[in-house]
There are 2 protein chains.
Amino acid sequence: MGSLDTNPTGLQLPDGAIDDADADVFRPLDSDDVRSDLHKAVDFVADYLQSVESLPVLPDVEPGYLRRLLNPTPPASSAPFDVAMKELRAAVVPGTTHWASPNFFAFFPATNSAAAIAGELVASAMNTVGFTWQAAPAATELEDLALDWLAQLLRLPPAFVTCGGGTGGGGVILGTTSEAMLVTLVAARDAALRRTGRGGVSGLPRLVAYATDQTHSTFFKVCRLAGLDPANVRTIPTGTETEYALDVAELCRRMQADVDAGLVPTYVCATVGATSTNAVDPIADTADVARHFGAWVHVDAAYAGSACICPEFRHHLDGVERVDSISMSPHKWLLTCLDCTCLWVRNTRRLTDSLETNPEYLRNDASDSGAVTDVKDMQVGVGHRFRGLKLWMVMRTYGAAKLQQHIRSDVAMAKMFEDSVRADDRFEVVVLRNFALVCFRIRARGAMTEEDADEASRELMARLNRTGNVFLAHTVVGGRFVLRFAVGSTLQEERHVRGAWELIEKTAEIGG
Amino acid sequence: MGSLDTNPTGLQLPDGAIDDADADVFRPLDSDDVRSDLHKAVDFVADYLQSVESLPVLPDVEPGYLRRLLNPTPPASSAPFDVAMKELRAAVVPGTTHWASPNFFAFFPATNSAAAIAGELVASAMNTVGFTWQAAPAATELEDLALDWLAQLLRLPPAFVTCGGGTGGGGVILGTTSEAMLVTLVAARDAALRRTGRGGVSGLPRLVAYATDQTHSTFFKVCRLAGLDPANVRTIPTGTETEYALDVAELCRRMQADVDAGLVPTYVCATVGATSTNAVDPIADTADVARHFGAWVHVDAAYAGSACICPEFRHHLDGVERVDSISMSPHKWLLTCLDCTCLWVRNTRRLTDSLETNPEYLRNDASDSGAVTDVKDMQVGVGHRFRGLKLWMVMRTYGAAKLQQHIRSDVAMAKMFEDSVRADDRFEVVVLRNFALVCFRIRARGAMTEEDADEASRELMARLNRTGNVFLAHTVVGGRFVLRFAVGSTLQEERHVRGAWELIEKTAEIGG
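The rules behind these values
Residues numbered from 1 in each chain as written. Chains lettered and ligands numbered in written order. Predicted model: local features only at pLDDT ≥ 70, side-chain atom pairs only at ≥ 80, totals over all residues. Heavy atoms only, no water. Pairing = 2+ DSSP bridges. Helix = DSSP H or I, 4+ residues; strand = E, 2+ residues; numbered from the N terminus. Axes fitted to C-alpha atoms, helices over the stretch in contact; angles between N-to-C directions. Contact = heavy atoms within 4.5 Å. Buried area = accessible area lost by both parts, 1.4 Å probe. Salt bridge = Lys/Arg side-chain N within 4 Å of Asp/Glu carboxyl O. Polar contact = N/O pair within 3.5 Å; in protein donor to acceptor, adjacent residues only side chain to side chain. Nonpolar A, V, L, I, M, F, W, Y, C, P; charged D, E, K, R; others polar. UniProt positions renumbered as here; feature names shortened; annotations may be inferred. Buried < 20%, exposed > 50% of the residue type's maximum accessible area, 1.4 Å probe, protein only. Right-handed = clockwise from strand over helix to strand, strands pointing away. Phe/Tyr/Trp six-rings, centres within 6.5 Å; stacked < 30°, edge-to-face > 60°. Least-squares fit on C-alpha atoms with pLDDT ≥ 70 in both. 1 Å grid on protein atoms, 1.4 Å probe; cavity = no way out; pocket = protein on both sides within 12 Å on 5 of 7 lines; lining within 4 Å. Points joined across faces, edges and corners; volume = space filled by probe spheres on them. Disulfide = S-S within 2.5 Å. Core = buried A, V, L, I, M, F, W, Y, C linked by side-chain atoms within 4.5 Å.

(A) Local environment of the sheet that holds strand β1 (residues 170–174) of chain B. Residues and elements named next belong to chain B. One open sheet holds the seven strands; their spatial order is β1-β7-β6-β5-β4-β2-β3, and the pairing between them is mixed. The open sheet is flanked by β1 and β3 (233–236), the only strands paired with a single partner. Neighbouring strand axes in the sheet, compared pairwise and without regard to direction, differ in orientation by 20° on average. Strand direction decides the pairing type here: strand β2 (residues 207–212) and strand β4 (residues 264–271), joined by four bridges, are parallel. Within the sheet, the bridge partner assigned to L207 lies in β4 and is V264. Set on the sheet, helix α7 (residues 217–225) makes contact with β2, β3 and β4; between it and β2 the angle comes to about 170°.

(B) Representation of the interface of chain A and chain B in the model. Each partner contributes residues to the interface: chain A has 187 residues there, and chain B has 188 residues. Surface buried jointly by chain A and chain B totals about 16400 Å² across both partners, of which 65% is contributed by carbon and sulfur atoms. For the pair chain A and chain B, the number of links is twelve salt bridges. For R35(A), the salt bridge goes to D43(B), with nearest N and O atoms at 3.1 Å. For the interface between chain A and chain B, the tally reads 69 residue pairs in polar contact (both at pLDDT 80 or more). Tallying contributions element by element places helix α2 (residues 31–51) of chain A first for the side of chain A that touches chain B, with 17 residues. A class-by-class count of the residues in the side of chain A that touches chain B yields 101 nonpolar, 49 polar and 37 charged.

(C) Looking closely at the UniProt feature "modified residue: N6-(pyridoxal phosphate)lysine" (unreviewed entry) in chain A. Residues and elements named next belong to chain A. Cross-referencing UniProt, the feature "modified residue: N6-(pyridoxal phosphate)lysine" (unreviewed entry) maps to K332 in the present numbering. By the secondary structure assignment, K332 is in helix α10 (residues 330–333). On the accessibility criterion, K332 (23% relative accessible area) is partly exposed. Residue contacts for K332: discarding those within four places in its chain leaves F108, P109, A110, T111, A302 and Y303.

(D) Representation of the pairing of strand β2 (residues 207–212) of chain A in the model. All names here are of chain A. Among the six residues that make up β2, six are buried, leaving the element largely enclosed by the rest of the structure. Because side chains alternate across β2, one face comprises the buried residues L207, A209 and A211, and the other comprises V208, Y210 and T212, equally buried. For the handedness criterion, the β-α-β arrangement of β2, helix α7 (residues 217–225) and strand β3 (residues 233–236) is classed as right-handed.

(E) View of the pattern of salt bridges. Residues and elements named next belong to chain B. Within the structure shown, the criterion is met by 80 salt bridges over all chains. For E120, the salt bridge goes to R385, with nearest N and O atoms at 2.4 Å. Placement of E120 in helix α4 (residues 114–126) and of R385 in the loop between α12 (365–369) and α13 (388–422) is noted, with a sequence separation of 265 residues between them. The residues E120 and R385 share a single accessibility class, namely buried. When the shortest N-O distance is used, the salt bridge between D425 and R445 registers 3.8 Å.

(F) Structural view of the packing of aromatic side chains. Residues and elements named next belong to chain A. Within this structure, the stated rule accounts for 44 aromatic pairs over all chains. Residues F104 and F471 carry aromatic rings whose centres are separated by 5.6 Å and whose planes lie at 85° to one another, so their mutual orientation is edge-to-face. Of the two residues, F104 sits in the loop between α3 (81–92) and α4 (114–126) while F471 sits in the loop between α14 (450–466) and β10 (473–477), which places them 367 residues apart along the sequence. Summarising the burial analysis for this pair, F104 and F471 share the class buried.

(G) Expanded view of the relation of the copies chain A and chain B. At an RMSD of 0.0 Å, chain A and chain B line up after a rotation of 180° and a shift of 0.0 Å along the axis. Expressed as an axis order, the relation between the two copies is that of a two-fold axis. The residues that chain A uses at the interface reappear at the interface of chain B in 100% of cases, marking a shared surface.

(H) Structural context of empty space enclosed by the protein. Enumeration over the complete set of coordinates arrives at eleven cavities of 30 Å³ or more. The computed volume of the second largest cavity comes to approximately 440 Å³. Taken together, 34 residues make up the lining of the second largest cavity; nearest its centre are F131(A), V382(A), F108(B), H216(B) and K332(B). Counting residues per element, the ones that place at least two in the lining of the second largest cavity are α6 (177–195) and α10 (330–333) of chain B. Partitioned by chemical class, the residues of the lining of the second largest cavity number 16 nonpolar, 15 polar and three charged.

(I) Region of interest: the state of the cysteines. Residue and element names in this part refer to chain A. Counted under the stated rule, the structure contains zero disulfides over all chains. Free of any disulfide, C337 has its nearest neighbouring cysteine sulfur in C340, separated by 8.7 Å. Judged by its relative accessible area of 0%, C337 is buried.

(J) Representation of the nonpolar core in the model. With 284 residues, the main nonpolar core has L150(A), W344(A), F485(A), L150(B), W344(B) and F485(B) as its most contacted residues. For L150(A), the contacting residues outside a window of four places in its chain are I309(A), M328(A), P330(A), L334(A), C342(A), W344(A), L391(A) and M395(A). Residues L228(A), W296(A), L351(A) and Y267(B) belong to the second largest nonpolar core, which totals 70 residues.

(K) Representation of the pairing of strand β7 (residues 341–345) of chain A in the model. Residues and elements named next belong to chain A. Burial analysis of β7 places five of its five residues in the buried class, the great majority of the element. Side chains T341, L343 and V345 project from β7 onto one buried face, and the interleaved C342 and W344 project onto a second face that is buried too. Judged from the five bridges that link them, strand β1 (residues 170–174) and β7 form a sheet pairing that is antiparallel. Bridged to L174 within β7 is T341.

Here it is, written out as structure tokens:
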């Protein structure tokens, strides 16, 4: 209490004394309150999803807008639940970029479903912390089952599936692709350090990781986190000749040059469906080259992995039986709300070697028996949310056929959009459309230079996004400004894609 | 489709052809379905919380139990929502370790509330991915506000509070303490590498981190993740003379010895409320020593930080104005369901220097203006769930007084339990009770050796946990087996604590 002077706002906090009202018993999980409050929250959610189409996709707010609407200091006393819901409606919704809007075409969509939200709701109420099997047997085993089910839908090889029986592979559900990259990179790093016989981390400056200029930026961050020398992280350039995919011959040359220089090829990140362009690196050839040099191959299929539950897209994973690990995020394109990234590894022992901890306070008979894997040993942290429930609910409720239908419908709508762009000679489609992302730009025609087309495309995007009727993002490919039109927001129907195209046509016309 | 042979289970997946039923439009976010399914899920949740007291806290299941109850292959076609709910009741609930049970006394409790679950529900339906301010202005700003509110309740110094105005401090809500430690350790690591003038990571083997033998195991894992040499991670022993807290004089000696040996003191993790014993490291003195050697000080107040919203516990944070960062987890003791770890840093620039990425596809005017912080630059990954909503809902709905009442009630119940233990000479309380954790064991009396008392305590715990009527965890302190009785599961009332004590008394009698 000698620290009152450090209270920056002068908020009056009650001291030891409790007044009459506060002497009432406080039951924050009273089941009547839970029922009543959550039914209200459900109605809010259903109303929101029903009306989100009519809201501006990008809100018209300035940085700091919320501070002007809500109290800068925390309330001293309690308020009815409705007060928070009222402020949510008045202050939060109007400042939201509506990822749930059918007019959202930016980034990759965050798809969602009633089953997933219900699963998350139940998980947040059960609120298990499944660091070990003992701490949450059902959560550990349902996560395991959900991973096996999804592995079957993806036709992953038996090495990655627990029920395949004793091959040593398995998976874990993490929060983000970044964590999947980090834990596999650290496993690869430690294996390389052991293999090259240097004690401790003195061999670290010799380890090298490889990716392309289309690989997600988080890969490069993860390399920094794990202590790799940024100078030893190779970015292999891509271009139209490989449709922006990894040039495996170049990978091979780089690895050989590194070996010749006394360095140790350690980790290759291959992408199926890169963020900018949806490029697909050739997994099989990459794995062959990497294996020759003893490097770990991780496949990042965060977005496009979901498409591979359809036989017609599964060929993008050909060769996966030769890689060390693969991750994909159902929170992107498999109707499962954030967060849910599935990681499978061929040999869980290589992960747990780097990530295992055994504090006395978590020891228990099941762990000691060796009959269970404790998820704390396959992730960065210890605490583990029950993410498997929502993923299992999605597959259990919708089944393979509906999930495939969902993917195909998005791809069909993207193709429709692509056809429209191709039919209008003011535009060009810049890269091969592999899935449901269309990358296009204004075409340089007549006196218009490529730089003019960059500027016109940028201006078109700004003007479109200001309408509030659509939200598109952009990227730069081959030095050129490109609009990304990502189909697939869950509420999206053909009419929204057609509407967006009409708006683009009209806006481009006005822009000249 | 040439990969059918890699399908390990022979599951028949529909090919390109879609049958009549599947040709129906699939609307996984249809608002009528959302409303109906979620109302059912709410009733499940309320019923569960109402009945959880009657369920065995630790389930009587063997590893692999779930595979015998659920289908090993994913369903090909859809099923009514009720099917998943039915299997949830039949297969998941009976295999759950019930963290929500009022008879759960293990680990630290995962406290929860109606407001938090509602906040999580709304967040999972809005499903924003707030990597940048532009991608979710309301989510970014509400997270910021929630962090400021909580900082005020904790009386953190203005340096950590955004609204303090331009001091460069701020915060972010992460998933786990481990991530908070990782990002701050990496920031400290990179600053030390720059300061010591070595290029790249060649200076890494010289960096040293410090903690005590009571520090959470995840700290040592995080050091490995960040590439520190395990031989350079100092574990300072503790004992009864400091009540298991950090011996600052010893820290100073170790740091000086490391400097003398040409090493670089880089990071100190001080804990407020250690997991095993609830020990509290002396923050002010630790910060003074660390500052002298130029090391970063992080305070891990994961559990006990919540208690510091009460003036009578705030002194445990005295000196926090001199540290570099502090984290605490409302998902432990502040009624906020998983996951929610708040990290505040004195200088956000030191974090973003290490964690910033700027891929073209995330560039936007708001970020370019410098007027906003993008949370992607303060965490491991890119995607960011809207965790601020539930934390804000908790503070908005319950207010400071009720939250303090909640803490005080738990501490009072723990004191009551401690008094009971002290009054029974078959037991001893092993460490000072700082908060709501009581560490006790069977006392070695008469011919009983300390080893006998270890065994008797272990046997007592096993017998108690087998009843299903309570769940206690254990630890080892000073080489001795100790039972941890953690009060605070949200549904807990005095009668549960009394009941647990009666069961312990009775079970010890039978055993003795």
